[in-house]
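Here is how the chains run, residue by residue.
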Amino acid sequence: MATWQVVPAGQGAGLRLRRGQELRIIDPEGGQSGDLVAFSRDGRQRLSNGRTFDYGAKIYVSTGDVLWSDRSNPMLTIVSDQVGRHDFLYSACSLEMYRIQYGMTEYHANCTDNLCSALRELGIEPEPLPTPLNVFMNVDVAEDGRLVFAPPKSRAGDSIVLRAEMDLAIALASCPASTCNGGAPPKPLAFEIEAV
Ligand SMILES: [Zn+2]
């Protein structure tokens, strides 16, 4: 039985998966969204929301859906999902986003910096950072195309499990933006790598 590794609130972590290994991402307290980006082991293929939209023909992903690389190879398959709402619609929050959308002038923790530093620690040059899988994020698309945030549907202990379809370097961040966390301060996420 693997033990959980914690991604502290508003921070990030890096990990590697071999093909066939499964990554369980847990929301220990509930209501927390996160960002996940994946690169092939050599850094040459990146997770692609565009290709995943193309081949899956939908904007939400859940059990059975494949997450594709920018070179049209399967990177990850969602093998189980207790939440059922994750999307690929938003870039990782960044210093510029907090400045432009919220007028912040001082440094604000952000997923872009957290994901990039976690990937650099794995020896991957992450920029330009791909659009992350927004894990547990709950966004509705209104009839006129507007995006509307709702609190994540994840309850304490809920998880999603992804199987690696190639050897991967992955970064996972607990998002510090209160807009995607039901207005609450950020909480930790956790993960475990399951031997199969
Ligand atoms: Zn974020």
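Parameters at a glance
Residues numbered from 1 in each chain as written. Predicted model: local features only at pLDDT ≥ 70, side-chain atom pairs only at ≥ 80, totals over all residues. Heavy atoms only, no water. Helix = DSSP H or I, 4+ residues; strand = E, 2+ residues; numbered from the N terminus. Rg over C-alpha atoms; globule rule 2.2 N^0.38 Å. Contact = heavy atoms within 4.5 Å. Areas by Shrake-Rupley, 256 points an atom, 1.4 Å probe, with all protein chains shown as cover. Lys, Arg positive; Asp, Glu negative; His and termini not counted. Charge placed at Lys NZ, Arg CZ, Asp CG, Glu CD. Buried < 20%, exposed > 50% of the residue type's maximum accessible area, 1.4 Å probe, protein only. Pairing = 2+ DSSP bridges.

A.B. asks: Summarise the overall build of the protein chain; cite the residues concerned and give the values.
C.D. replies: Counting its secondary structure elements, the protein chain contains 3 helices and 12 strands. By the compact-globule yardstick of 16 Å for 196 residues, the protein chain fits well, its C-alpha radius of gyration being 15 Å. By sequence separation, contacts in the protein chain at least 24 residues apart represent 76% of the contacts at least 6 residues apart. When the accessible surface of the protein chain is split by element, carbon and sulfur atoms take 48% of a total near 9,000 Å². Once the 18 positive and 24 negative side-chain charges of the protein chain are each reduced to a mean point, those two points are 5 Å apart.

A.B. asks: Can you explain the environment of G56? Please cite residues and give values.
C.D. replies: Tracing the backbone through its elements, the reader meets G56 in helix 1 (residues 49-56). The sequence separation of G56 and L122 amounts to 66 residues, and the corresponding C-alpha distance is 29 Å.

A.B. asks: Go over the pairing of strand 10 (residues 158-164) with me, naming the residues and quoting the values.
C.D. replies: With 6 of 7 residues buried, strand 10 is to be regarded as a mostly interior element. When strand 6 (residues 74-81) meets strand 10, the two strands line up antiparallel, connected through 5 bridges. When the bridges of strand 10 are listed, L76 appears paired with A164.

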